[in-house]
Amino acid sequence: MAADLSHRERTVLHYVVHDFIQTATPIGSRYISKKHEDVLGLSSASIRNVMSDLEDKGYINHPHTSAGRVPTDQGYRFYCDRLMKLEQLSDAEQETIRKNLDVIEDSEILLKECSRVLGRISHLLSVVAPPELSTGTFERLELVHITGNRIMVIISIKSGLVRTIMMEVATEIQREKLDDLGRFLNERLSGLTLQQIRGNFAEIVKDAQNEETGIISLFIESVDKLFAPQRTEPLHISGTENIIEQPEFVNPKDFRSIIELINNEDIIVHVLEKTDAKPNETKVTIGEEHGDEKLKQYSVVSTSYSIGDVAGCLGLIGPTRMAYARLIPLVDYVARTVSEMYSHNTRQ
């Protein structure tokens, strides 16, 4: 447990984690003694004893027969929670992020560029998941006749996002009837979230279920299709060319592992959303904390961003040996910038 680490153990663990992140090479007692002599003032033998205690407690271990140690998931967790000092983004990095996102008004292009910039700066796999509409507040609905018995349902959310769904009705319906139904539904659904509408739609329109066009009945049958919490845009993934250059993926087996991850969007979305970062919180999930054997060699740094009254998530996926102190502020800053840019664009 955290309480059982002495000051000396904490200090040595800090340098094992920090130096391993920097070098990708197992860290030995002699290396720490020489590199941090001015700070530690400990002999190689003393540091070796401390490292042995840290290994017994599960914070570091031996990779194969190497004389050096590497952090375990438990060691990384303790480092992130208790030892790490977050770095500040440089002015140049902040300017690069804002410059690339500042002039984009289209939300899909904004999120795509966000992923690209995040991947380029981090040198890891960056993922931006578009917002879900379930928490968005309904603004208006429009029914548009397309051809024959096909209509298009346009649902607008107060955040400015729009969903369009194509539907087939039993017979062709006059425009006046569609307009009347649109007004009726707008009055009944105004101010509700899509989640509320989905769960209570039949009750909300129960007095109109037998209207002559059959659209209300069709809406009741198709409520999941119309108001389910589906994403508005595709998942945006960048940085593939960067992450495969990490030392952890030199081995062909590990290389295949990261390629399989990149090609499976369902797993990526699951990993990103499972972190369950609260608003304005950047969360770190390390290795076995994912609870999935396929993900035990990865860490995820993630947070949420806002587009009006709906939220999406973004983050970085990489080896557990990642520069957490630098990447947490990076993810946080990008998320806040995306939220600010979208808010600014919608006010113009």
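Owing to the predicted nature of the structure, the values given are computational and were not obtained by experimental measurement.

Let's shift gears to the pattern of salt bridges. Evaluation of the coordinates by the stated rule reveals 19 salt bridges. Ionic pairing is found between Arg116 and Glu113, a salt bridge with its closest N-O pair at 2.3 Å. With Arg116 and Glu113 both in helix α7 (residues 107-122) and three residues apart, the pair spans about one turn of that helix. By relative accessible area, Glu113 is classed as buried at 15%. For Arg198, the salt bridge identified is with Asp224, shortest N-O distance 2.9 Å. In this pair, Arg198 is assigned in helix α9 (residues 194-204) and Asp224 in helix α11 (residues 223-227), connecting sequence segments 26 residues apart.

With that settled, consider the packing of aromatic side chains. Per the stated rule, a full pass over the model turns up five aromatic pairs. Between Phe249 and Tyr298, the ring centres sit 6.0 Å apart and the planes meet at 20°, which makes this aromatic pair stacked. Of the two residues, Phe249 is situated in the loop between α12 (240-243) and α13 (252-262) and Tyr298 in strand β9 (residues 298-307); the sequence distance between them amounts to 49 residues. When its relative accessible area of 2% is taken as the criterion, Phe249 is described as buried.

Strand pairs in the sheet, formed through backbone hydrogen bonds, run parallel or antiparallel to each other. Strand order in the open sheet formed by five strands is β7-β3-β10-β9-β8, with antiparallel pairing between adjacent strands. Whereas interior strands pair on both sides, the edge strands pair on one side only; in this sheet they are β7 (236-238) and β8 (283-286). For this sheet the average axis-to-axis angle between neighbouring strands, irrespective of direction, equals 20°. Looking at chain direction, β8 and β9 are connected through four bridges and run antiparallel. Paired with Ile286 across the two strands is Ser299, which belongs to β9. Of the strands in this sheet, β3 (125-129), β7, β9 and β10 (310-319) are in contact with α7, which crosses β7 at around 25°.

Our next topic: the state of the cysteines. Using the criterion set out here, one finds zero disulfides in the structure. Unpaired in this structure, Cys80 has its nearest cysteine sulfur neighbour in Cys313, at a distance of 20 Å. Residue class for Cys80 comes out buried when judged on its relative accessible area of 12%. Free cysteine: Cys114, not disulfide-bonded; nearest cysteine sulfur from Cys313 at 11 Å.

By secondary structure assignment, the location of Thr337 is in helix α15 (residues 324-347). Residue classification places Thr337 among the buried positions, given a relative accessible area of 1%.

Looking now at unusual backbone geometry. The backbone of Ala24 shows a phi angle near 60°, a positive value even though the residue is not glycine. In this structure, Ala24 sits in the loop between α1 (7-23) and α2 (29-35). Residue classification places Ala24 among the partly exposed positions, given a relative accessible area of 26%. Positive phi, close to 65°, is recorded for His123, a residue that is not glycine. By relative accessible area, His123 is classed as partly exposed at 44%.

Criteria and thresholds
- Residues numbered from 1 in each chain as written.
- Predicted model: local features only at pLDDT ≥ 70, side-chain atom pairs only at ≥ 80, totals over all residues.
- Heavy atoms only, no water.
- Salt bridge = Lys/Arg side-chain N within 4 Å of Asp/Glu carboxyl O.
- Helix = DSSP H or I, 4+ residues; strand = E, 2+ residues; numbered from the N terminus.
- Buried < 20%, exposed > 50% of the residue type's maximum accessible area, 1.4 Å probe, protein only.
- Phe/Tyr/Trp six-rings, centres within 6.5 Å; stacked < 30°, edge-to-face > 60°.
- Pairing = 2+ DSSP bridges.
- Axes fitted to C-alpha atoms, helices over the stretch in contact; angles between N-to-C directions.
- Contact = heavy atoms within 4.5 Å.
- Disulfide = S-S within 2.5 Å.

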